[in-house]
Amino acid sequence: MADEPSELVLRLRGITKAFENEGTTTEVLHGIDFELRKGELCAVIGPSGSGKSTLLNLIGLLARPSSGSLWMAGEETSELDEDALTSLRSRFIGFVFQFHHLIGALSCAENVALPLMIRGVSRGQALERAAVALAEVGLGDRARSRPAQLSGGQQQRVAVARALVGDPALLLADEPTGNLDSENSNAVFELLRRLNRERGTGVIVVTHDPRIAERCSGTLEIVDGLVHSDSRWKLQV
Amino acid sequence: MRLAWFLALRFMWDQRFQSLLIVSGVGVGVAVMVFITALITGLQASLIDRTLGSQPHVIVTPLEREGRPLIPAQPGEVRLRHVERPMQQSRSIDEWQKAERAISLLPEVETSVPLAMGPGTALRGNSEEGVLVIGADPGRLDGVIPIRKNMTAGRYEVTGTDVVLGSELAKNLGVGVGDRLRLRTALSDGQVYVIRGVVDMGAREMNRTWVLMSFRAAQTLTNQPGRASAIYVRVHDIYAAESVARSIGGLTGLTSRSWIENNAQLMTALSSQSASTTMIRFFVLVSVAIGIASVLVVSVIQRSKEIGILRAMGAARGVVLRVFLIQGGMIGAAGALVGSLIGFGLTRVFRASITNADGTPFFPFAVTPQLFVLALVVATVAGLVAGVVPARRAALLDPAEAIRNG
C-alpha cells in the first residue's frame, strides 16, 4: 500500500449485511469497498432504504457485518468481542445523529463531557475540556443550560461539540442537518467542515441534501446496497 | 464506577417526582416492617420475660423411675402384661453437691441453686391453706429467679424460722410481716414460723402457695435432711437452655428440663407468631421490590434512546448495568431511611398514647439500632435485586436499534 497506514482511518473490504426476518434473509449491503483517510470528508447519499444507515452502523461498530472485513485505525474488527468494540468506539469514533440525542438530565457541558468521562477522565477535567468545545461551537455561554432550553440548531451544535470533544479519528453524522432549517443546517455543516479541516478529523456524513453533498471532498452513492458506479468517491487502491 | 454514580444521581434527580413517589412507597413498606418487628419482638421479649420472671431456665430433679416388667418375655413368646409406674419414692437428690458442682462448671451456666421443696399446710386460727414449701439460700435463689424486686412487704432474708409468703396466701390467712403461723407437712408436725416478708410473683398459683424459707429449715420441715429436691439453673442464653438441659442430664444422670420444654405451648404460640410476622415482612418486601422494579423498567424504556447514545459513545455494558442497579439500591436505601423515621415515629406515638392503668406503655416495643441497620440493609438489597432485571434489560439494549426506535 502506498499510503502510511496511520493516514488510513477506515477501510472496508467486501462488506455485506443481511437481516434475518421470519425465516427469510434479506441482504441489505452486497459487498462494499471503501476507504477514508485523515482529513477527508465524505458524503454518503442514496435513496431511502438503500442501506446508508446500515452502512453507518457498521462503520460505527454498532453492528457487525455478515461478511467482509472492517479496519478501524488499523485494527481489524471482525474478531473483536463486544467490550473491545465498545472501547474502540470510545477512543476513535464520534457520533452526531439527526435528532441531537442529548441527555436531558444533564447540562450541556455535562453532555459534552460524557465521552471523556466514559474514557475515565475525571469530571472536573472533562468539564473544562467540554467548556472549550462548547466555545468552539459558539455556545460557550450555554454550558449550564439544559438541552431543552436550547433551540434545535443549538442542540445540534452541542451534539457536534460532544462528538468532537474527545478528538476522535472518525466522526459519523447521520443526517445531522435533516431536522434543521437551512440557516441552522448551514451553520452545523460549516462547523463539521471547519473541524474537519482544522483537526484533520475524518468525517462521514449521511445526507439527503445535495447542497451539503456538493461541499464534501467526495460523495459515496449507495444504490440498492451497492456503491453506485457513478459514485464520485474513488478508492485510492 | 464514578460515571455510573454520576448518571444514576442525575437520572434520579431528573425524575425527582417519580423518585419521590417510589421512595415514599418503599418508606411506607419499610415503616410497616420496622413497626411490626419492633412490636412483635417487644411483645415476645416481654412475654418470655414475664414467664421467666417466676421460672428458672433449667430445673434439675431426681431421675424418674420407669416401670419395668417383672418377668421378661422369652424369644418367640408373647405375654399380656400390665406394667405399673413405681412410686417416685426417691424425691430427693442425694449427692446434690456433686451434681451442682458439675452444673456450675458448664460455661453456659450463669448460676444455680439447690432447693428443698415439698407440699405442706399453713395453719392460722381456723384457716388452713395448702402450700408449697421452698427452701433455698435467699441470695442464690434470687440470682436464679428475681424475687427481691417483687417483694411487696418486708425483705427476703430468711434464716431459722423466718418465712416469706406469697401475697395471696398472706391475704387468705390474714397475716402480714411480723405475724406468726404454723406450718406442717405430712412428714413433720412442723413448728411456728415468723413472717418476714410478702412477695408478689405475678402469677396467681405462686402467690397462693409459695412459702419461702431457708434451705436447712425446709430440709427439716419436708423431712429430707442433707438432701435437695431440685437444682434451679440460670443460663446465659435463654434460647440455649434446651441444649444446656440436655448436657446437664447427660452429665448428672438426673432429670433436667428447660423452660422451653416446660412452656411448650408458649413456645409454639411464639414461633407461629414469628412465622406470621415473617410472612408479612416477606410479602411487604416483595411488593416493595416489585414497586422499585416497575419504576426502573419504565425508566429504562423512557431512556432507551439515551442508553443507546451512551453505548454508542463507548460506555461499556457494565456502566449501563450499574447505573440502574445503583438507582435500585439508592431507592431502597432512601426508602429505608424514610421508613425507619416513620416506623420510629409510630412506635413513639403508640407508646405515648396507649398506656396501662399505671401509666406504663401498653406496647413493649423493642426499638434497637440493629433494627434500623437491618431495615437499611434489607431494603437496599431488595432495591439492588429489583434493579437486576431492568438493569440487564438496559445493558443488553442494541445501541443502533435503541437510537433508531427508542
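Bear in mind that the values here come from a model prediction, so they are computed numbers and not experimental data.

### Comments concerning the overall build of chain B
Part 1 of the reasoning: Across its full length, chain B carries 14 helices and 10 strands.
Part 2 of the reasoning: Expected size for 406 residues packed as a compact globule is a radius of gyration near 22 Å; at 33 Å, chain B overshoots this value by more than 25%.
Part 3 of the reasoning: By its C-alpha atoms, chain B is 105 × 70 × 40 Å across when sized along the principal axes.
Part 4 of the reasoning: A total of 406 residues make up chain B; the buried ones form 40% of that total.
Part 5 of the reasoning: The long-range share in chain B, meaning contacts at least 24 apart out of those at least 6 apart in sequence, stands at 80%.

### Concerning the overall build of chain A
Part 1 of the reasoning: Assigned secondary structure in chain A consists of 7 helices and 10 strands.
Part 2 of the reasoning: The C-alpha atoms of chain A give 18 Å as radius of gyration, which agrees with the globular expectation for 237 residues (18 Å, within 12%).
Part 3 of the reasoning: By principal-axis analysis of the C-alpha atoms, chain A measures approximately 50 × 45 × 40 Å.
Part 4 of the reasoning: Going through the 237 residues of chain A one by one, you find that 48% of them count as buried.
Part 5 of the reasoning: Pairs at least 24 residues apart make up 69% of the contacts formed inside chain A by residues separated by at least 6 positions.

### A word on the pairing of strand S7 (residues 188-199) of chain B
All names here are of chain B.
Part 1 of the reasoning: The pairing of strand S4 (residues 151-154) with S7 spans 3 bridges and is classified as antiparallel. By the bridge assignment for S7, Met151 is matched with Val199.
Part 2 of the reasoning: Bridging between strand S5 (residues 162-166) and S7 involves 5 bridges; their strand directions are parallel. Directly across from Gly166, in S7, lies its bridge partner Val199.
Part 3 of the reasoning: The hairpin formed by strand S6 (residues 180-185) and S7 contains 2 residues between the paired strands.

### Some thoughts on the sheet that holds strand S5 (residues 75-76) of chain A
Residues and elements named next belong to chain A.
Part 1 of the reasoning: In spatial order, the strands read S2-S1-S4-S5; together these 4 strands make up an open sheet with antiparallel pairing. Both edges of this open sheet fall to strand S2 (24-37) and S5, since each of them pairs with a single strand only.
Part 2 of the reasoning: Direction of pairing for strand S1 (residues 8-21) relative to strand S4 (residues 67-72): antiparallel, over a ladder of 5 bridges. Bridging from a neighbouring strand, Leu10 pairs with Met72 of S4.

### Quick word on helix H8 (residues 241-252) of chain B
What sets the pattern is the α-helix's 3.6 residues per turn: residues three or four places apart point alike.
Residue and element names in this part refer to chain B.
Part 1 of the reasoning: For H8, spanning 12 residues, the distance from its first C-alpha to its last is 16 Å, which sits close to the expected 16 Å at 1.5 Å a residue.
Part 2 of the reasoning: At its buried positions, H8 is contacted by strand S1 (58-61), helix H3 (96-104), strand S2 (109-124), strand S9 (230-235), strand S10 (255-258) and helix H9 (259-262).
Part 3 of the reasoning: Once H8 ends, the next one or two residues include Gly253, with phi positive near 75 degrees.

### Focus: the nonpolar core
Part 1 of the reasoning: Residues Val44, Val112, Val160 and Val205 of chain A together with Ile292 of chain B are the most contacted members of the largest nonpolar core, which totals 127 residues.
Part 2 of the reasoning: Ranked by the residues each element gives to this core, the list is headed by helix H12 (residues 317-353) of chain B, at 12 residues.
Part 3 of the reasoning: Core analysis: the second largest hydrophobic core is formed by 53 residues, Ile59, Val133, Leu181 and Leu254 of chain B among them.

### A short note on the packing of helix H5 (residues 152-164) of chain A against helix H6 (residues 182-199) of chain A
Residues and elements named next belong to chain A.
Part 1 of the reasoning: Running from N to C, H5 and H6 cross one another at 15 degrees; their axes reach a closest spacing of 9 Å. On the basis of the axis angle, H5 is roughly parallel to H6. When the axes of H5 and H6 are compared, the crossing they make is right-handed. Judged by residue contacts, Gly152, Gly153, Gln156, Arg157, Val160 and Leu164 of H5 engage Asn184, Ala187, Val188, Leu191, Leu192 and Leu195 from H6.
Part 2 of the reasoning: Each residue belonging to the contact of H5 with H6 can be placed in one class, and the counts come to 7 nonpolar, 4 polar and 1 charged.

### Some thoughts on the sheet that holds strand S10 (residues 226-227) of chain A
Residue and element names in this part refer to chain A.
Part 1 of the reasoning: Pairing in this open sheet of 6 strands is mixed, and the strands run S6-S7-S8-S3-S9-S10 from one edge to the other. The two strands at the open ends of the sheet, each matched to only one other strand, are strand S6 (93-96) and S10.
Part 2 of the reasoning: As defined by bridge partners, strand S3 (residues 41-45) adjoins strand S8 (residues 202-206) across 4 bridges and the pair is classed as parallel. Following the sheet pairing, Cys42 is matched in S8 by Ile204.

### Here we look at the interface of chain A and chain B
Part 1 of the reasoning: Each side of the interface is counted separately: chain A has 21 residues, and chain B has 16 residues.
Part 2 of the reasoning: Looking at the side of chain A that touches chain B, the elements that each hand over two or more residues are helix H2 (82-92) and helix H3 (108-118) of chain A.
Part 3 of the reasoning: In terms of residue count, the dominant contributor to the side of chain A that touches chain B is H2 of chain A (5 residues).
Part 4 of the reasoning: The residue inventory of the side of chain A that touches chain B, partitioned by class, reads 11 nonpolar, 7 polar and 3 charged.

### Brief notes about the environment of Gly166 of chain B
All names here are of chain B.
Part 1 of the reasoning: Note on placement: Gly166 falls in strand S5.
Part 2 of the reasoning: C-alpha separation for the pair Gly166 and Thr152, spaced 14 residues apart in sequence, amounts to 9.6 Å.
Part 3 of the reasoning: Gly166 has contacts with Val199, Met201, Met206, Asn207, Arg208, Thr209 and Trp210, leaving out every residue within four places of it along the chain.

### With respect to unusual backbone geometry
Of all residues except glycine, most have a negative phi; of all peptide bonds, most are trans.
Residue and element names in this part refer to chain A.
Part 1 of the reasoning: You will see that Ala73, though not glycine, has its phi angle at about 50 degrees, which is positive.
Part 2 of the reasoning: Inspection of the secondary structure assignment puts Ala73 in the loop between S4 and S5.
Part 3 of the reasoning: In this structure Ala73 comes out as partly exposed when scored by C-beta crowding, with 19 C-beta atoms within 10 Å.
Part 4 of the reasoning: The backbone of Asp167 shows a phi angle near 50 degrees, a positive value even though the residue is not glycine.
Part 5 of the reasoning: Mapped onto the secondary structure, Asp167 falls in the loop between H5 and strand S7 (170-174).

### Digging into the confidence of the model for chain B
Residues and elements named next belong to chain B.
Part 1 of the reasoning: Residues of chain B with pLDDT of at least 70 account for 98%, and the chain-wide mean is 89.
Part 2 of the reasoning: Ranking the elements of chain B by mean pLDDT puts helix H14 (residues 399-405) last with 80 and strand S8 (residues 210-213) first with 95.
Part 3 of the reasoning: Here the complex is predicted with pTM 0.76, and the ipTM for its interfaces comes to 0.85.

### Side note on the packing of helix H10 (residues 264-302) of chain B against H12 of chain B
Residue and element names in this part refer to chain B.
Part 1 of the reasoning: Two elements in contact, H10 and H12, have axes whose closest approach is 10 Å; the angle formed by their N-to-C orientations is 145 degrees. At the point where H10 passes H12, the crossing takes the right-handed sense. Along the contact surface, H10 presents Ile292, Leu296 and Val300, while H12 presents Phe324, Gln327, Gly328, Ile331 and Gly332.
Part 2 of the reasoning: Partitioning the contact of H10 with H12 into residue classes produces 5 nonpolar, 3 polar and no charged.

### Quick look at the environment of Arg37 of chain A
Residue and element names in this part refer to chain A.
Part 1 of the reasoning: Among the secondary structure elements, Arg37 is positioned in strand S2.
Part 2 of the reasoning: The exposure class of Arg37 is partly exposed, given the 18 C-beta atoms found within 10 Å.
Part 3 of the reasoning: Along the backbone, Arg37 and Gly200 are 163 residues apart, and their C-alpha atoms lie at a distance of 9.2 Å.

### Some points on the environment of Ala143 of chain A
Part 1 of the reasoning: Structurally, Ala143 of chain A is set in the loop between helix H4 (123-136) and H5.
Part 2 of the reasoning: If sequence neighbours within four positions are ignored, Ala143 of chain A has contacts with Ser107, Cys108, Ala109, Ala131 and Leu134 of chain A.

### Here we look at H5 of chain A
Part 1 of the reasoning: Given a rise of 1.5 Å per residue, 13 residues ought to cover 18 Å, and the 19 Å separating the end C-alpha atoms of H5 of chain A matches this to within 8%.
Part 2 of the reasoning: The elements touched by buried residues of H5 of chain A are S6, H3, H4, S7 and H6 of chain A.

Cut-offs used in this document
- Residues numbered from 1 in each chain as written.
- Chains lettered and ligands numbered in written order.
- Predicted model: local features only at pLDDT ≥ 70, side-chain atom pairs only at ≥ 80, totals over all residues.
- Helix = DSSP H or I, 4+ residues; strand = E, 2+ residues; numbered from the N terminus.
- Rg over C-alpha atoms; globule rule 2.2 N^0.38 Å.
- Buried ≥ 20, exposed ≤ 12 C-beta atoms within 10 Å, placed from the backbone.
- Contact = placed C-beta atoms within 7 Å.
- Pairing = 2+ DSSP bridges.
- Expected span 1.5 Å × (residues − 1).
- Core = buried A, V, L, I, M, F, W, Y, C linked by C-beta atoms within 7 Å.
- Axes fitted to C-alpha atoms, helices over the stretch in contact; angles between N-to-C directions.
- Parallel < 35°, antiparallel > 145°, perpendicular 65-115°, else oblique.
- Left-handed = near helix turned anticlockwise from the far one by under 90°.
- Nonpolar A, V, L, I, M, F, W, Y, C, P; charged D, E, K, R; others polar.
- pLDDT = per-residue confidence, 0-100.

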